[in-house]
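Remarks on the overall topology
Spelled out from the first residue to the last, the chains are:
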Amino acid sequence: FAFDIADDGGAGIYGLPSVAVSLGGKAAAGTVNVVAGTAPSYTAEYTVQSGDSEGAISYSISASDNAGNPVSITGISSGKKLDKSLPTVSKVAIAETYTTTASANVTFSLADNTDGSGIGSYAVTESATAPSDGWNDCDATKTSGSCTFTAEGGKTVYVYARDKAGNVSLVAAS
């Protein structure tokens, strides 16, 4: 993220500001890199680590001016969340109708964890591997979809959910 920090009419900022990142109310597991910009503009970079907690992302900025006076801003909300949890798919069922068409209606239930980013899309397919394309935009209220079959015969359909952070559920089948 980019930020500005200035010493209004003072002696100027000394060195690089320090930035601390908090994820889910806990200190970040990695190091924040502050990139020198043209004062008063700077950029802070952070790569999410496996030990980071899920939840709201906030940060604090500290600096000193050339006269040694400290400046600190804490608890700044980024308005973003870290979501590493997989959404879930349950109650998958193929409609109990017989048809001469090559598709069938499928019902299901989608859910994301409480602090998650929310359901963003779903896919219904004949493949036990999550698709790279063919996702349908939706939210957690979506309860049915259809599957077009490649050939006649008995079928297993697989349903996947993808949250807005890009996490893909484990497969659910019927």
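Summarised in this report is the structure supplied together with it. (Residues numbered from 1 in each chain as written. Predicted model: local features only at pLDDT ≥ 70, side-chain atom pairs only at ≥ 80, totals over all residues. Heavy atoms only, no water.)

The strand order β11-β10-β13-β14 describes an open sheet built from four strands, whose pairing is antiparallel. The open sheet is flanked by β11 (136–137) and β14 (172–173), the only strands paired with a single partner. Here strand β10 (residues 119–125) pairs with β11 via two bridges, running antiparallel. Bridge pairing in β11 places Y122 opposite N136. (Pairing = 2+ DSSP bridges. Helix = DSSP H or I, 4+ residues; strand = E, 2+ residues; numbered from the N terminus.)

Moving on: the sheet that holds strand β2 (residues 13–23). With antiparallel pairing, four strands are arranged side by side in an open sheet as β3-β2-β6-β7. At either end of the open sheet lies a strand with only one pairing partner, and these are β3 (26–27) and β7 (70–82). As paired elements, β2 and β3 share two bridges and run antiparallel to each other. Within β3, the position partnered with S22 by the bridge is A27.

This part covers the nonpolar core. By size, the foremost hydrophobic cluster in this structure holds 16 residues, and its most contacted members are V89, V92, V106, F108, L110 and V124. Secondary-structure elements contributing two or more residues to this core are β8 (88–94), β9 (103–111), β10 and β13 (158–163). With four residues, β9 is the largest single contributor of residues to this core. Contacts of V124, omitting those with residues within four sequence positions, involve V106, F108, S146, C147, V157, Y158 and V159. (Core = buried A, V, L, I, M, F, W, Y, C linked by side-chain atoms within 4.5 Å. Buried < 20%, exposed > 50% of the residue type's maximum accessible area, 1.4 Å probe, protein only. Contact = heavy atoms within 4.5 Å.)

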